[in-house]
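Okay, here's what each chain looks like letter by letter:
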Amino acid sequence: MLVCRAFLVVAAACLAVLGLPTSSGRAALSCGLPDAKTTWIDFADGSTSFWRDRFARPGVVIATGGPDLAAEARQSGAATVHWDMHLRKRVGTPSDPADPALIEKRADGLFDYAVSVTGCQTPLIALNELWGASLPTPLTPTADRYRANVLEFVSRLAERGARPALLVSSEPFTGGDAAPWWRSIAAVSDLVLENYANANVIWREGPIEGSRRLRARYRQSAARLLALNIPPSRIGIILGFQTGAGSGGREGLEPRSRWFDVVKWQALAVRQVARELGLAHVWSWGWAQRDARSNDPDKTDAACVWLWAREASLCDAPALLGKELDADVERGQLNLPSGARCVYGTAPITAANVAALAKLTGDREFALTALVVRAIERERTRVSPSATLAAEGRIVRLRFGGNVASYRAAVAQTGASTAVARGVIGDELRSRDVLSHLAAPPVSQHDVRRFRATFAAALARDVDVSPAPSWLPRGRGVALATSAPAAVFRVRTGSSVVLNTVEGRFRVEARDDVAALAAVPFAAARPAIVRELRAERRADAYADWTLKMQGAAESKLVCERDRLPELGVVDLSAYAPFLSLDEPEAAQWAASRRS
C-alpha cells in the first residue's frame, strides 16, 4: 500500500506512482461520466422525492449512496457516482481519531461498496466530510493523527483505483506546516469546497451585485488551494440548496420566486467561475427531504431551475413556472460584447478605449475609472459633439495661436490622441454642468476673512461682463484673479473690450483700476470672496458626489472577471493642462511652456 504522507513524499511523487493527473493534464473523473471539462454532479437519496422527475435523465450525474437508486438512475440514462455520508465513522474526528490500524480495511470496504453501487471499477467517491479544515498549525496530536488517517484513507482508495473527492466544510488553513498536507491530499484526492450562500443576502443585492458576490465567493473558495499550486483539475465546489435556517441555502426566502432567482444566479455564477478556473466539478447538495426542516415542497421546482440555468435542455423551467421565473439569463452575467472591458447599463466600455486613455494617464485602472465617471455623467447632463468641437477650437485659437499642428503636437506629447483630447474636453464641460447644480454649504464670516488674508495679494477688479461668465455669474462686481482670465486685469480702466476665452466670447468693461484684494474695501470684496469660497465648496461637494455615484453605479456595472474600477475623483485635464477650461490653470501651463 502507498501512503502519500507530506512528511514522507512530495505530492508530485504520489501523482506519478498512482498515475493520477498532474497540473499539465486532465484524466477522466470516472467511468460512465460525461466527457466534460467541468462535471456537474447532483446529490440525491431515497428521501429526495423528486429525484426521478428531475435527475434521472441523460446529461445528469447523480451522487448517491443507495445501490437501488443508482441502478434505476442509470437505467434512466443518468450517470452515477458514490456518495459516502460517513467519513467520520471511518477516520474519526480531530479530537477523537480512529485507530490507524483500521484505516486500510475500512477504505477497502468502502471501495468495494462504491464499485457495487456505481457499477464502475474506478468510481468517483464523495467523502462527506473533512472536519477541522480551518485549524491552524501546529496541530494537536489528535488532530495530527486525524489528518494522517484522512490522508491514508484517500491514498488507499486511490491505490485501489477510485477517485476520492473530499468535501471541505470550512475555509482551509493552508499556511505554515499545513500547506504540504493539503498538497499531499490533492495528489490523491479531489477537494470539494462547500459554499453555501444565504439566499436572502443574494436576492437583496439583485442580479448584478448578487451575481458578482456569488462569483467572488466561488473564486475565493478556490483561491487558497490554487495558491498552493494545486491544479484546478483537482478542485470542485459544492453549492447548498437546503432550506433550514442557519445553514445557508434558502434560509426562508419568500416568495418562492425570489429563491428561484437566486438558484438561477447561483448556477450561472458557478458555471462562469468553473470555466474561468477550469474546475473539475460542480456539485449540488441539500435536495434531501428527510424531516420537517428539510421537507420543502419547492425544492422540486428549484431543482428544475438549477438544471435549466446550467443547461436549458435538462428541464424546461420557464414552461413549468411561467411568471414565477424570470427567464433572463443575461443580466448580471459576464457575457460582455467582444472587446469590452466593462458594460455600464447597456453602454460598453471597450478595452481599446481604456488603453487609449491610459496613454494619457499612465494607469489603465485610473483610465477605466475615468471612463466609468464619463458614462455616469453622460446620464445626467448632455454635451453635444458640436459643443466639444467649439471648445476645442477656442483652445486652439487662444492657446496655440490657431496653429492646429502645434495643438496636435502638444496632445501627442502627452501620449493622447485627438479623440482622447476631445473626450477630456467633453468631460470638462460635463463636470462644469454637474458642479453648477450642486449645493454649496454656507460661508461664514470667519471663512471670508481667512480667504482675504490668504489671498491678500491676488489681483481684483470691478468690472461689467456680458454675457455673464462662470467667474462672474451676475455679470457685474469684483473679479478675482483666482478664477477670472488674466486678460481681464490688462484692460485699460474705463475701456470696454471683447475678450475671447475658452469659455466663450465676452465684452468686459473695466470700471476701476486693478488692485490687490487686501486693498479692496471689505464690503465690495465680500461678494467676490463668497463666490470663490462657494466654488471651492462645490468642488468638494463634487468629490463627494462623484464617489457616491460611482459606488451606486456598481449595481449597473458588469466588468471582465468582475474586476471593477477603483473609486476616485477624476480630473483628466491635470494630465494635459492646456485642455482645462479653468483659465488660471491654463495660464500656469502657458507660463511653464514659455519658460
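Residues numbered from 1 in each chain as written. Predicted model: local features only at pLDDT ≥ 70, side-chain atom pairs only at ≥ 80, totals over all residues. Heavy atoms only, no water.

Examining the overall build of the protein
When you go through the protein residue by residue, the secondary structure sums to 19 helices and 16 strands. Computed over C-alpha atoms, the radius of gyration of the protein comes to 34 Å, more than 25% over the 25 Å expected from 2.2 N^0.38 for 595 residues, which places it beyond the range of a compact globule. Viewed in the frame of its principal axes, the protein has a C-alpha envelope of about 105 × 55 × 50 Å. Considering the protein as a whole, with its 595 residues, one finds that 52% of them fall into the buried category. (Helix = DSSP H or I, 4+ residues; strand = E, 2+ residues; numbered from the N terminus. Rg over C-alpha atoms; globule rule 2.2 N^0.38 Å. Buried < 20%, exposed > 50% of the residue type's maximum accessible area, 1.4 Å probe, protein only.)

Quick look at helix 7 (residues 178-188)
Of all eleven residues in helix 7, nine are buried; the element is thus mostly enclosed. Along helix 7, the positions that sit buried rather than exposed are Ala178, Ala179, Trp181, Trp182, Ser184, Ile185, Ala186, Ala187 and Val188.

Quick notes on the sheet that holds strand 16 (residues 557-559)
One open sheet accounts for three strands, arranged 10-9-16; its pairing is antiparallel. Among the strands making up the open sheet, the edge pair consists of strand 10 (347-350) and strand 16. Ignoring strand direction, the axes of neighbouring strands in this sheet form an average angle of 20°. Sheet topology note: the strand 9 (residues 340-344)/strand 10 ladder contains four bridges and is antiparallel. Across the sheet, the residue bridging to Cys342 is Ile349, located in strand 10. Packing of helix 13 (residues 364-380) onto the sheet brings it into contact with strand 9, strand 10 and strand 16, and relative to strand 9 it is tilted by some 30°. (Pairing = 2+ DSSP bridges. Axes fitted to C-alpha atoms, helices over the stretch in contact; angles between N-to-C directions. Contact = heavy atoms within 4.5 Å.)

Here we look at the state of the cysteines
In total, this model carries three disulfides according to the counting rule given. Each disulfide pairs two cysteine sulfurs, and for Cys304 the partner residue is Cys315, the sulfurs being separated by 2.0 Å. Its S-S torsion of about -105° marks the bond between Cys304 and Cys315 as left-handed, since a negative value means left-handed. Here Cys304 is found in helix 10 (residues 299-310), whereas its partner Cys315 is found in the loop between helix 10 and helix 11 (317-321), with eleven residues between them in sequence. On the basis of relative accessibility, which here comes to 7%, the residue Cys315 falls in the buried class. The disulfide partner of Cys342 is Cys559, and the gap between their sulfur atoms is 2.0 Å. (Disulfide = S-S within 2.5 Å.)

Section: the side chain of Arg54
Tracing the chain through its elements places Arg54 in helix 2 (residues 51-54). Setting aside chain neighbours within four positions, we find Arg54 in contact with Thr300, Asp301, Ala303, Cys304, Leu307, Cys315 and Leu320.

Looking at helix 13
Residues spaced three or four apart along an α-helix face the same direction, because each turn holds 3.6 residues. Relative to the 24 Å expected for 17 residues at 1.5 Å per residue, helix 13 spans 25 Å between its end C-alpha atoms, a close match to the ideal helical length. For helix 13, the secondary structure elements touched by its buried residues are strand 9, strand 10, helix 12 (351-361), helix 16 (418-436), helix 18 (522-553) and strand 16. The backbone nitrogen of Glu365 has a side-chain oxygen 2.8 Å away, supplied by the residue at the start of helix 13, namely Asp363. (Expected span 1.5 Å × (residues − 1). Polar contact = N/O pair within 3.5 Å; in protein donor to acceptor, adjacent residues only side chain to side chain.)

Side note on the pairing of strand 2 (residues 61-64)
Burial along strand 2 is two-sided: the face carrying Val61 and Ala63 and the face carrying Ile62 and Thr64 are both buried. Sheet analysis places strand 2 next to strand 3 (residues 79-84), joined by four bridges and oriented parallel. In the sheet register, Ala63 faces strand 3, and the bridge partner there is Val81.

What about the environment of Ala274?
Note on placement: Ala274 falls in helix 9 (residues 256-277). The exposure class assigned to Ala274 is buried, which follows from its relative accessible area of 2%. Placed 34 residues apart in sequence, Ala274 and Trp308 show a C-alpha to C-alpha distance of 17 Å. Not counting the four nearest positions on each side in its chain, Ala274 is found in contact with Thr38, Leu279 and Val282.

What about the pattern of salt bridges?
All told, the structure shown has 38 salt bridges when counted by the stated rule. For Asp301, the salt bridge goes to Arg54, with nearest N and O atoms at 3.7 Å. Taken as a pair, Asp301 in helix 10 and Arg54 in helix 2 lie far apart in primary sequence, 247 residues in all. Here the two residues Asp301 and Arg54 agree in accessibility, since each one is buried. (Salt bridge = Lys/Arg side-chain N within 4 Å of Asp/Glu carboxyl O.)

Here we look at unusual backbone geometry
The linkage connecting Asn128 with the following residue, Glu129, adopts the cis geometry, with an omega of 0°. The topology assignment puts Glu129 in strand 4 (residues 124-130). The step from Thr137 to Pro138 runs through a cis peptide bond, and the omega angle for that step is 0°. By secondary structure assignment, the location of Pro138 is in the loop between strand 4 and helix 6 (141-160). Despite not being glycine, Glu251 shows a phi value in the positive range, around 55°. Here the phi dihedral of Asp562 falls at roughly 60°; this positive angle occurs in a residue that is not glycine. Relative to the assigned elements, Asp562 resides in the loop between strand 16 and helix 19 (583-594).

Observations concerning the confidence of the model for the protein
In the predicted model, the protein carries a mean pLDDT of 93, and 93% of its residues have values of at least 70. Considering only residues more than four positions removed or in separate chains, one finds that residues 1-26, a stretch of pLDDT under 50, has 58 contacts. (pLDDT = per-residue confidence, 0-100.)

Here's the deal with the nonpolar core
A general tendency of soluble globular proteins is for nonpolar side chains to be buried together. Phe55, Trp182 and Trp306 are the most contacted members of the largest nonpolar core, which has 84 residues in total. When residues of this core are assigned to their parent elements, the largest contribution, ten residues, is made by helix 9. If we ignore the near neighbours within four places in the chain, the residues touching Phe55 are Asp42, Phe43, Ala44, Phe50, Val60, Ile62, Ala78, Trp287, Ala303 and Leu307. The next biggest cluster of nonpolar side chains, apart from the first, holds 43 residues, and it includes Val373, Ala391, Ile395 and Ala421. (Core = buried A, V, L, I, M, F, W, Y, C linked by side-chain atoms within 4.5 Å.)

A short note on the packing of helix 8 (residues 199-227) against helix 9
For the pair helix 8 and helix 9, interaxial distance at closest approach is 9 Å and the crossing angle is 30°. With respect to helix 9, the element helix 8 is oriented roughly parallel. Our pair here, helix 8 against helix 9, has a crossing hand that is right-handed. Of helix 9, the residues touching helix 8 (which contributes Ala199, Ile202, Trp203, Gly206, Pro207, Ser211, Leu214, Arg215, Tyr218, Arg219, Ala222 and Leu226) are Arg258, Trp259, Asp261, Val262, Trp265, Gln266, Ala269, Val270, Gln272, Val273, Glu276 and Leu277. When the residues that make up the contact of helix 8 with helix 9 are grouped by side-chain class, the tally is 15 nonpolar, four polar and five charged. (Parallel < 35°, antiparallel > 145°, perpendicular 65-115°, else oblique. Left-handed = near helix turned anticlockwise from the far one by under 90°. Nonpolar A, V, L, I, M, F, W, Y, C, P; charged D, E, K, R; others polar.)

Structural notes on the sheet that holds strand 3
The strand order around the closed barrel formed by eight strands is 1-2-3-4-5-6-7-8, and the pairing between neighbours is parallel. Taken pair by pair, the neighbouring strands of this sheet meet at an average axis angle of 25°, ignoring direction.

Observations regarding the packing of aromatic side chains
All told, the structure shown has 18 aromatic pairs when counted by the stated rule. Judged by centre distance (5.6 Å) and plane angle (70°), the ring pair of Phe400 and Tyr407 falls under edge-to-face. Take Phe400 and Tyr407: they sit in the same class, and that class is buried. Three or more aromatic residues joined by ring pairs make a cluster, and in this case those are Trp40, Phe50, Phe55, Phe241, Trp287 and Trp306. The cationic tip of Arg147 hangs over the ring face of Trp181; the distance from NZ or CZ to the ring centre is 4.8 Å. A cation over a ring is seen here: Arg449 above Phe522, with NZ or CZ 4.5 Å from the ring centre. (Phe/Tyr/Trp six-rings, centres within 6.5 Å; stacked < 30°, edge-to-face > 60°. Lys NZ or Arg CZ within 6 Å of the ring centre and 35° of its normal.)

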